[in-house]
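Chain and residue survey
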Amino acid sequence: NARAEDSEEAAKEFELELQIDPDNANAAYELGEIARKAGQLEKARQMFEGAVGRVPGFEEAQIGLGRSLAALGKPDLAVPHLQQAVALNPNNEASYYHLAQAYGALGKAAERDEALARFQRLRQKKSGTPDPVRGPDPVTPQDAGEADVR
């Protein structure tokens, strides 16, 4: 499988980068993603923890760590990392989606529903689909290209 070979080759490159620069949070993150996609959740958790430990503001690593912990059956440990990802970037729909999943696994329906609602609002905003409650955003003359340019 060419894709598996590419992942193995990439993993070797990132492992080498970590040997050269043990503080390389991006290399740790990439190794975490490769491990997560291969179903190696414990290794993924370790790599994401390393990335977050090096750079706490690394949003994608916080999400990866949260996802890995949730997949390992530890949604209680996943929630703080996913909340941190939301705090770092409140416009990333993926953070809310995974946060909703973790809350659901904990049986926290209200928190799950709130995170899911935020995920759906961001998804609709991104896709340009109007919110069913508010309707489409109004078009201003500037948006329509009819600005009065005097």
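Since this is a predicted model, take the numbers as computed values, not measurements. (Residues numbered from 1 in each chain as written. Predicted model: local features only at pLDDT ≥ 70, side-chain atom pairs only at ≥ 80, totals over all residues. Heavy atoms only, no water.)

**Structural notes on the packing of aromatic side chains**
Worth spelling out the cut-off: Each Phe, Tyr or Trp ring, with Trp reduced to its six-membered ring, pairs with another whose centre is within 6.5 Å; inter-plane angles below 30 degrees give stacked pairs, above 60 give edge-to-face pairs, and intermediate values give tilted ones. Where helices and strands are cited, they refer to DSSP runs of H or I of at least four residues and of E of at least two residues respectively, numbered from the N terminus. Buried, partly exposed and exposed residues are distinguished by accessible area as a fraction of the type maximum, computed with a 1.4 Å probe on protein chains only: under 20%, between the cut-offs, and over 50%, respectively.
Scanning the entire structure with this criterion turns up three aromatic pairs. Measuring from centroid to centroid gives 5.1 Å for Tyr29 and Phe58, while their planes differ by 40 degrees, and the two rings are tilted. Taken together, the residues Tyr29 in helix H2 (residues 25-37) and Phe58 in the loop between helix H3 (41-54) and helix H4 (59-71) connect sequence positions 29 residues apart. The same class applies to Tyr29 and to Phe58, which are both buried. Arranged with centres 5.3 Å apart and planes meeting at 55 degrees, the rings of Tyr97 and Phe119 form a pair that is tilted. On the criterion of sequence distance, the pair formed by Tyr97 in helix H6 (residues 93-105) and Phe119 in helix H7 (residues 109-127) is long-range, its members being 22 residues apart. Judged by its relative accessible area of 33%, Tyr97 falls in the partly exposed class. Members of the aromatic cluster, joined through ring pairs, are Tyr29, Phe48 and Phe58.

**Comments concerning the packing of H2 against H3**
As a reminder, the rule being used: Orientation is described by lines fitted to C-alpha atoms, with helices fitted over the stretch in contact, and by angles between N-to-C directions that extend from 0 to 180 degrees. Note on terminology: angles under 35 degrees are roughly parallel, angles over 145 are roughly antiparallel, angles of 65 to 115 are roughly perpendicular, and the others are oblique. Crossings are assigned a handedness: left-handed for a near helix turned anticlockwise from the far helix by less than a right angle, right-handed for a clockwise turn. Contacts: residue pairs with any heavy atoms within 4.5 Å of one another.
Contact geometry for H2 and H3: axes closest at 8 Å, N-to-C directions at 160 degrees. One way to sum up the angle between H2 and H3 is to call them roughly antiparallel. For H2 against H3, the interelement crossing comes out left-handed. Of H3, the residues touching H2 (which contributes Ala25, Ala28, Tyr29, Leu31, Gly32, Glu33, Ala35 and Arg36) are Leu41, Lys43, Ala44, Met47, Phe48, Gly50, Ala51 and Arg54.

No statement about biological role is implied by the geometric values presented.
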